[in-house]
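# Breakdown of the fold
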Amino acid sequence: MTLSPARVPGTGPGSGPAVRRLTATLYGYAFLDDFVLLYPVYALLFSDTGLTVWQISSLFCLWSLTGVLLEIPSGAWADAVSRRLLLWFGPLLTAAGFTLWVLAPSYWAFALGFVLWGAKGALGSGALEALVYEELDRLGAADRYGAVMGRARAAGLVAVMAAMPLTGPVYAFGGYPAVGLASVLACLLTAATATRFPEHREPAGEAKDVDACREGPGDGTGEGLGDTVSDTPGDGWARTLRAGLAEARGNRSVRGALLLVPAVTAVWGALDEYTPLLVRDTGVAESAVPNWLLLIWAGATVGGLLAGAGRRLGTGGFAGLLAVSAVAMAAGAWVRTPAGIGLVALAFCGFQLASVLADARLQDRIGGTGRATLTSVAGVGTDLTTIAVYGAYGVIGSATTHGAAFALFAVPYLVTAALLAIVGKGAGGNRTGGRRAARAARTSGSRARP
């Protein structure tokens, strides 16, 4: 089965209601997906249950491994069936995992919960980006993808910051069960919001459009969770997987964009887990650590909001953004003072912006129908690199200060920036031509591709 969006004639970025409906649903989904009161305290729950540090670390590894194993298969599945269905089903898995955690707290319950949580992440990764990009492209607003996804990431960070001050009162009222119940409700609301995503995907080959088969004119909004079906879903899954991987092998521009995503996203995403230790090493009181963390998260939020303006950056400008952010992180971490945390926040602002732009570049370069598959390939690269950073940080952080470790991890970004600067000088105008060719493929041959 091959599916691609039907372009709507006469629509554009200013066409209004359809774009607004899509973006409003996306922002609500992103906010609710991260509005989980268990986030700040689940490590405490594990510890209070009696788990050792080794056991807690093994749970995190299991979580990451689940995502790595399921990322690409779930991406191919998203290309073969309804992406909205996966976005709806994923939060229900997380809700089941959180319920296990608070009703039967034990190592194996936590492990199963992390497997479910990892599966949810794999289902959504690739499916969300592909759905949003293709719906925007159908409406003639694909150039807004970077800005839209930047705001969505910002909405998720705002949700995390909003959940933190609420966790304390809820925990004081009802302990871990109350915090868990609130988290489960957030997951259920996320799933309900996912049903509001529009999804218009024309069938090809053996796929059939359910809306076209229904009696009555229909409203054309693509409501429901089963707008497209396939007589042979297994064959469709394998075909979309092969098509997506073939495009990566045969298109140098796509391969470069696939490599750029983990190169930009993984290191700072992993370092985020160690920012509390970095802040504490500056000498601030334990009670003040969350306030300084809010500053760092605020920087990342601003970075997401700047994605619209950042789309104007060429390859050279992108390289400069990475280099400036790397220098800011190294300098801010090295001084080991509270003032330096401001520079780290500035660096995270730049890294968040660069992450959104790297994803947008990948989406622009994908010309076939395996969009979710290829996005998931990039996700696997990010997950594997993140695991490697965790391991490297464990070695480096044990031998030196957290400030020195953060400064050292700025080096990969400087290397990436240098490589991009070299590529940018030789590429010239290829970026525009690549986008034009990708759009041509989407609007012509890709629809009939087997």
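The structure reproduced in this document is the subject of the present report. Note on numbering: residues in each chain are counted from 1, in written sequence order. Owing to the predicted nature of the model, reporting of local features is limited to residues with pLDDT of at least 70; listing and counting of side-chain atom pairs is limited to 80 or more, with chain, interface and lining totals taken over all residues. Heavy atoms from the whole structure form the basis of all side-chain values; hydrogens and water molecules are not counted.

## Brief notes about the environment of Phe 46
In DSSP terms, a helix is any run of H or I states spanning at least four residues, a strand is any run of E spanning at least two, and both are numbered starting from the N terminus. Looking at the secondary structure, you find Phe 46 in helix H2 (residues 42-49). The sequence separation of Phe 46 and Ser 106 amounts to 60 residues, and the corresponding C-alpha distance is 8.1 Å. In this structure, Phe 46 is in contact with Leu 51, Ile 56, Leu 59, Trp 101, Phe 110 and Phe 114, ignoring residues within four places of it in sequence. Only heavy atoms enter the contact rule, under which two residues are in contact if any of them lie within 4.5 Å.

## Digging into the environment of Gly 150
Note that Gly 150 resides in helix H7 (residues 145-194). Separated by 153 residues in the primary sequence, Gly 150 and Gly 303 have C-alpha atoms spaced 7.6 Å apart. Residue contacts for Gly 150: discarding those within four places in its chain leaves Gly 304, Leu 305, Ala 307 and Val 356.

## Topic: the packing of helix H1 (residues 17-34) against helix H6 (residues 127-138)
Orientation is described by lines fitted to C-alpha atoms, with helices fitted over the stretch in contact, and by angles between N-to-C directions that extend from 0 to 180 degrees. Two elements in contact, H1 and H6, have axes separated by 10 Å at closest approach and are oriented at 165°. Between H1 and H6, the angle falls in the class roughly antiparallel. The two elements H1 and H6 cross, and the hand of that crossing is left-handed. Between H1 and H6, the contacting residues are Val 19, Leu 22 and Leu 26 on the first element and Leu 128, Leu 131, Val 132, Glu 135 and Leu 136 on the second. Classification used: nonpolar for Ala, Val, Leu, Ile, Met, Phe, Trp, Tyr, Cys and Pro, charged for Asp, Glu, Lys and Arg, polar for all others including Gly. Along the lines of polarity and charge, the residues of the contact of H1 with H6 split into 7 nonpolar, no polar and 1 charged. Roughly parallel covers angles under 35 degrees, roughly antiparallel covers those over 145, roughly perpendicular covers 65 to 115, and oblique covers all other angles. Helix crossings fall into two classes, left-handed where the near helix is turned counterclockwise from the far one by less than a right angle and right-handed where it is turned clockwise.

## Observations regarding the nonpolar core
Put simply, buried Ala, Val, Leu, Ile, Met, Phe, Trp, Tyr and Cys residues joined by side-chain atoms within 4.5 Å make one nonpolar core. A 1.4 Å probe rolled over the protein chains alone gives each residue an accessible area, and that area as a share of the maximum for its type sets the label: buried under 20%, exposed over 50%, partly exposed in between. Val 132, Phe 197, Phe 318 and Leu 322 are the most contacted members of the largest nonpolar core, which has 87 residues in total. No other element matches helix H15 (residues 338-365), which puts 12 residues into this core. Setting aside residues no more than four positions away along its own chain, Phe 197 makes contact with Arg 21, Leu 22, Thr 25, Leu 26, Tyr 29, Arg 84, Leu 87, Leu 128 and Leu 131. Judged by nonpolar contacts, the second largest core, of 22 residues, contains Val 41, Leu 51, Ile 56 and Phe 98.

## Remarks on the packing of aromatic side chains
Any two rings among Phe, Tyr and Trp, with Trp reduced to its six-membered ring, count as a pair given centres within 6.5 Å; such a pair is stacked if its planes are under 30 degrees apart, edge-to-face if over 60, and tilted if neither. The full count for this structure, using the stated rule, is 23 aromatic pairs. Measuring from ring centre to ring centre gives 5.2 Å for Tyr 107 and Trp 108, while their planes differ by 85°; the resulting arrangement is edge-to-face. Taken together, a centroid distance of 5.8 Å and an interplanar angle of 5° make the contact between Phe 114 and Trp 117 stacked. Here Phe 114 pairs with Trp 117, and both are found in helix H5 (residues 107-124), just 3 residues apart, close to one helical turn. Pairwise contacts between aromatic rings join Tyr 39, Phe 46, Trp 63, Phe 98, Trp 101, Phe 110, Phe 114 and Trp 117 into one cluster. Only Lys NZ and Arg CZ are tested; either one counts as a charge over a ring when it is within 6 Å of the ring centre and within 35 degrees of the ring normal. Against the face of Phe 318 rests Arg 361, its NZ or CZ located 4.8 Å from the ring centre.

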